[in-house]
Amino acid sequence: MIDGKVCNAVVGNKSSQVCYICGASPKEINHIDVIKKRQVDYSTFAFGLSTLHAWIRFFECILHVAYRMDFKKWQARGKDRDLLKQRKKEIQERFRNGLGLLVERPKPGGSGTSNDWNTARRFFSNPELSSTITGVDKDLIKRFAVVLQVISSDRDIKADSFNQYALETAKLFIQKYPWFYLPASVHKVLIHGSQIIKSALLPIGQLSEEAQEARNKDIKRYREHHTRKSSRKNTMTDLINNLLISSDPLISSIRKSHKKQKTPLWNEALHLLKDSSEGGDEEESADNEENINDESTSDEDSDTE
């Protein structure tokens, strides 16, 4: 998969706030009944759901709602900007004290913010504590977490059941916070997610852009230590050759696998998966609540983002 910026560039979408699938603008995006009747571009389904970046986009959606709780407007203007800055500072301090997380802090060198997959995972693993920190509805945070767990799993998804659950989640968001326009990236998953899942040849979680992101560190290492620096052409040629060699199926199959153990899925997520009734899931779902609480206190390092 590719992320939203690349999708917008490929289809020629001029604004990232406009859905590149149905063309809905921010002011139209909260009218779900109208949106469902719009003509969609089926060719864009091949871009997938960007399941890795979806965690960050959903997390930032909750943050932006929390920042605006004092004045309840989508755009902060005039005195509202001061209220936003003050509440943002308070919430960042709560995250630091409650979860030990640095939220939305700029990284050195201008390479984005501290919001990454690991931060979002920690946030959604404990909806009750996250709701206390942000002031956002706990049920909404939990439903967001269930949607993210389902699309990130490598199992087949019940598309119709997922569609119903996602639509109910979108309606809950609009009911609770009608003054905040649903972000295009969140809208894509909740409104068009089931259609994209049906069009995918493999389970959507197996098509994650995680592998692409993980190669960034390989590209830096290969370029520094295994390429000629005599010209830009030679550098790029050696870099591509190293990537081709290391991604060869035979060579990569020889390498030892260090796959991390997956976080157990919640019961709500298991019900949206086709293989949730097979052996083993009953035992897994029984320990979900205890495991997910233990997960929220762990501080594992992640090289994904």
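Just so you know, the residues in each chain are numbered from 1, in the order the chain's sequence is written. Only residues with pLDDT of at least 70 get local features here, since the model is predicted, and only at 80 or more are side-chain atom pairs given and counted; chain-wide, interface and lining totals rely on the full set of residues. Values reported for side chains reflect all heavy atoms of the structure, with hydrogen atoms and water molecules removed beforehand.

Turning next to the state of the cysteines. Counting rule for disulfides: a pair of cysteine sulfur atoms within 2.5 Å. Under the defined criterion, the tally for this structure stands at 0 disulfides. Note on Cys-19: no disulfide assigned, nearest cysteine sulfur contributed by Cys-22 at a separation of 3.7 Å.

One finds Phe-58, Phe-95, Phe-124, Phe-144, Phe-162, Phe-173 and Leu-190 to be the most contacted residues of the largest nonpolar core, which totals 72 residues. Only α2 (32-35), α3 (51-67), α4 (79-98), α5 (117-124), α7 (138-152), α8 (159-176), α9 (184-199) and α13 (267-270) provide two or more residues apiece to this core. Only DSSP runs of H or I reaching four residues or more are called helices, and only runs of E reaching two or more are called strands; each is numbered from the N terminus. Counting residues per element, this core draws most heavily on α3, which supplies 10 residues. Contact between two residues is taken to exist if any of their heavy atoms lie within 4.5 Å; hydrogens are not considered. With residues up to four places along the chain from it excluded, the contact list for Phe-162 reads Val-147, Val-150, Ile-151, Ile-157, Val-189, Gly-193, Ser-194, Ile-197 and Leu-272. The nonpolar core is taken to be a set of buried Ala, Val, Leu, Ile, Met, Phe, Trp, Tyr and Cys residues, with the residues joined through side-chain atoms within 4.5 Å. The cut-offs for exposure are 20% and 50% of the maximum accessible area for each residue type, with area from a 1.4 Å probe on protein chains only; residues under the lower value are buried, those over the upper are exposed, and the others partly exposed.

Between Lys or Arg on one side and Asp or Glu on the other, a salt bridge is scored when a side-chain nitrogen of the former is within 4 Å of a carboxyl oxygen of the latter. Taken as a whole and assessed by the stated rule, the structure comprises 10 salt bridges. Between Arg-38 and Glu-28 there is a salt bridge, with the nearest N and O atoms lying 3.3 Å from each other. One end of the pair, Arg-38, is in the loop between α2 and α3; the other, Glu-28, is in the loop between α1 (4-11) and α2, and 10 residues separate them in sequence. Note on Glu-28: relative accessible area 33%, which makes it partly exposed. For Glu-268, the salt bridge identified is with Lys-142, shortest N-O distance 3.3 Å. Pair noted here: Glu-268 is in helix α13 and Lys-142 is in helix α7, with a separation of 126 residues, a long-range link. The class of Lys-142 is partly exposed, set by a relative accessible area of 29%.

The next subject is helix α11 (residues 232-246). Taking 1.5 Å of rise per residue, the 15 residues of α11 would be expected to cover 21 Å, and the 21 Å separating its terminal C-alpha atoms lies within 8% of that figure. Every buried residue of α11 is accounted for by Thr-235, Asp-238, Leu-239, Leu-243 and Ser-246. For α11, the arc enclosing every buried residue in end-on projection is 135°, short of the 170-degree limit, so these residues lie on one face. Seen from the open side of α11, the exposed residues pointing more than 90 degrees away from its buried face are Lys-233, Leu-244 and Ile-245. One less than the residue count of a helix, multiplied by 1.5 Å, gives the span that helix is expected to have. Directions from the helix axis toward the C-beta atoms define the arc.

Right, let's get into the environment of Val-146. Note on placement: Val-146 falls in helix α7. Residue Val-146 is classed as buried on the basis of its relative accessible area, which comes to 0%. Non-local contacts of Val-146, meaning those with residues more than four positions away in its chain, are made with Tyr-165, Trp-266, Glu-268, Ala-269 and Leu-272.

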